[in-house]
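Here are the chains, one letter per residue:
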Amino acid sequence: MALVPATILTGFLGAGKTTLLNRILREPHGYKIAVIENEFGQENIDNEILVQDSNEQIVEMNNGCICCTVRGDLIVALSTLAQKRNAGELQFDHMVIETTGLANPGPVAQTFFMDDEVAAHFLLDAVVTVVDAKHGMLQLDEHEEAQRQAGFADKLLLSKTDLVGMDEVDALIARLKRINPRAPVNKVDFGQVPISDVLDLRGFNLNDKLEIDPDFLAAEEHVHEHHDCGEHCDHDHHHAHHSDDIAAFVFKSDRPFNTARLDEFLGGLVQVFGPRMLRYKGVLWMEGADRKVVFQGVHQMMGSDIGAKWGEGEARGSKMVFIGKNLPKDTFIRGLEQCLV
């Protein structure tokens, strides 16, 4: 059977995940979606639908969706759903996992790579993070979990924008793009968002297109051109008003990498800084190769794949983005430069 694409839906407490999920579960959109509510009992999708004191309950909705509430091991829940699907007891072709409002989505994402049975049935499609426009700035200030959720996102959905002015919305979007320049930001009004903004994003799939906000790249180049920082620079280039532990930076070069040197350096980075490296991804030009190399990782788990051929007349080069907690940008960039031919 074909792999089921899975979406991780995350966001801080009160951001609007449940409102969005209610819509996904009840709207006649034609998809057969399985929703896992990975909660601890505090906020159920609907008390009339889900029984709080059950260890695991699977409820079929009238639009073809099913909802499964889990109070334990996510791997067991995914395996159980896969077995029921294979046996013909349940029908679904998409999976959505809602995390708790205080959850770090990293371990949930790693589930899809660490367990062979899960990997045999499910493909992680994307991490979608809902951010509360009214309270998002304060939550990012006060809670590292909120920064992690934004940093992990393949797409950011901004809720409650009707409760604040456009200046506040623009400031929040700018901050989210500093934290995570590769995730598009869409506004969502009371859960009313196209299903195409949530499902089949292919944000986690290896591909040749590295989505990085062009304004962020321009800002990075502006900094490099006008301010040459030393190792101990204490300038806060991107965070004039807010100092976030979770932040992103980009490495670009028009020179090819030496394969052996790069493998050794990236392996060392992951060993030392892996727990602080939330997401990283790149499209690379390797010495002597006529095809692009695409790589990405979550924490200590890193993988690469061969991409498309370089086009005739296409400018060759490498572009990498790293999102993490207090990562030493200078160390990363100097080391990567030493891996170039």
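Here's a quick rundown of the structure. (Residues numbered from 1 in each chain as written. Predicted model: local features only at pLDDT ≥ 70, side-chain atom pairs only at ≥ 80, totals over all residues. Heavy atoms only, no water.)

1. Overview of the overall build of the protein
Part 1: On a plain count of helices and strands, the protein comes out with 10 helices and 13 strands.
Part 2: The buried share of the protein, reckoned over its 341 residues, is 52%.
Part 3: The contacts in the protein between residues at least 6 apart in sequence include a share of 77% that link residues at least 24 apart.
Part 4: When the accessible area of the protein is evaluated, it comes to approximately 15600 Å², of which 49% is carbon and sulfur surface. (Helix = DSSP H or I, 4+ residues; strand = E, 2+ residues; numbered from the N terminus. Buried < 20%, exposed > 50% of the residue type's maximum accessible area, 1.4 Å probe, protein only. Contact = heavy atoms within 4.5 Å. Areas by Shrake-Rupley, 256 points an atom, 1.4 Å probe, with all protein chains shown as cover.)

2. Brief notes about the pairing of strand 5 (residues 94–98)
Part 1: Counted residue by residue, strand 5 has 5 buried out of 5 residues, so it is predominantly covered.
Part 2: Taking every second residue as pointing to the same face, both faces of strand 5 are buried, with His94, Val96 and Glu98 on one and Met95 and Ile97 on the other.
Part 3: Looking at chain direction, strand 1 (residues 4–11) and strand 5 are connected through 4 bridges and run parallel. By the bridge assignment for strand 5, threonine 7 is matched with valine 96. (Pairing = 2+ DSSP bridges.)

3. Describing the packing of aromatic side chains
Part 1: For the structure on display, the rule yields 8 aromatic pairs.
Part 2: Between the aromatic rings of phenylalanine 249 and phenylalanine 322, the centroid separation amounts to 5.5 Å while the plane-to-plane angle is 25 degrees, which identifies the pairing as stacked. On the criterion of sequence distance, the pair formed by phenylalanine 249 in strand 9 (residues 246–253) and phenylalanine 322 in strand 13 (residues 318–325) is long-range, its members being 73 residues apart.
Part 3: Look at phenylalanine 322 and you get buried, because its relative accessible area is 1%.
Part 4: Arranged with centres 6.3 Å apart and planes meeting at 20 degrees, the rings of tyrosine 280 and phenylalanine 322 form a pair that is stacked. One end of the pair, tyrosine 280, is in strand 10 (residues 277–284); the other, phenylalanine 322, is in strand 13, with 42 residues separating them in the sequence. By the burial criterion, tyrosine 280 is buried, and phenylalanine 322 matches it. (Phe/Tyr/Trp six-rings, centres within 6.5 Å; stacked < 30°, edge-to-face > 60°.)

4. Some thoughts on the side chain of aspartate 197
Part 1: Within the element layout of this structure, aspartate 197 appears in the loop between strand 8 (185–187) and helix 8 (214–226).
Part 2: There is a polar contact of 3.1 Å between the side chain of aspartate 197 and the side chain of asparagine 186.
Part 3: Sequence-distant contacts of aspartate 197, defined by excluding residues within four places in its chain, comprise Lys155 and Asn186. (Polar contact = N/O pair within 3.5 Å; in protein donor to acceptor, adjacent residues only side chain to side chain.)

5. Re unusual backbone geometry
Part 1: If you check the backbone angles, aspartate 200 has positive phi at about 55 degrees while not being a glycine.
Part 2: Considering the arrangement of structural elements, one finds aspartate 200 in the loop between strand 8 and helix 8.
Part 3: Judged by relative accessible area, aspartate 200 falls into the partly exposed class, the value being 39%.
Part 4: For histidine 299, which is not glycine, the phi dihedral falls at a positive 55 degrees.

6. So, the packing of helix 9 (residues 259–273) against helix 10 (residues 329–338)
Part 1: At a closest axis distance of 9 Å, the pairing of helix 9 and helix 10 adopts a crossing angle of 160 degrees. What the angle tells us is that helix 9 and helix 10 run roughly antiparallel. For the pair helix 9 and helix 10, the crossing hand works out as right-handed. Counting all contacts with helix 9, which are made through Arg261, Leu262, Phe265, Leu266, Leu269 and Phe273, the residues of helix 10 involved are Thr331, Phe332, Gly335, Leu336 and Gln338.
Part 2: Looking at the contact of helix 9 with helix 10 residue by residue, the class counts come to 7 nonpolar, 3 polar and 1 charged. (Axes fitted to C-alpha atoms, helices over the stretch in contact; angles between N-to-C directions. Parallel < 35°, antiparallel > 145°, perpendicular 65-115°, else oblique. Left-handed = near helix turned anticlockwise from the far one by under 90°. Nonpolar A, V, L, I, M, F, W, Y, C, P; charged D, E, K, R; others polar.)

7. Overview of the pattern of salt bridges
Pairing is possible between side chains of opposite charge, provided their charged atoms come close.
Part 1: Enumeration according to the criterion identifies 10 salt bridges in this entry.
Part 2: For arginine 182, the salt bridge is made with aspartate 154, and the minimal N-O distance between the two is 2.8 Å. In this pair, arginine 182 is assigned in the loop between helix 7 (166–179) and strand 8 and aspartate 154 in the loop between helix 6 (144–152) and strand 7 (155–159), connecting sequence segments 28 residues apart.
Part 3: Taking the shortest distance from any N to any O, the salt bridge between aspartate 197 and lysine 155 comes out at 3.4 Å. Highlighted residues: aspartate 197 in the loop between strand 8 and helix 8 and lysine 155 in strand 7, separated in sequence by 42 residues. The exposure classification of aspartate 197 matches that of lysine 155, with both residues buried. (Salt bridge = Lys/Arg side-chain N within 4 Å of Asp/Glu carboxyl O.)

8. Some thoughts on empty space enclosed by the protein
Part 1: This model, assessed by the stated rule, comprises 1 cavity of 30 Å³ or more.
Part 2: Here the largest cavity is characterised by a volume of approximately 80 Å³.
Part 3: If you go around the largest cavity, you meet 13 residues; those closest to its centre are Phe12, Val130, Val131, Gln139 and Ala146.
Part 4: Elements represented by at least two residues in the lining of the largest cavity include exactly strand 6 (122–132), helix 5 (136–142) and helix 6. (1 Å grid on protein atoms, 1.4 Å probe; cavity = no way out; pocket = protein on both sides within 12 Å on 5 of 7 lines; lining within 4 Å. Points joined across faces, edges and corners; volume = space filled by probe spheres on them.)

9. As for helix 9
Part 1: For helix 9, built from 15 residues, the straight-helix expectation of 21 Å at 1.5 Å per residue is met to within 8% by its first-to-last C-alpha distance of 21 Å.
Part 2: Here the buried face of helix 9 lies against strand 10, strand 11 (291–298), strand 12 (301–309), strand 13 and helix 10.
Part 3: Two or three places before alanine 260, at the opening of helix 9, asparagine 258 has a side-chain oxygen 3.2 Å from that residue's backbone nitrogen. (Expected span 1.5 Å × (residues − 1).)

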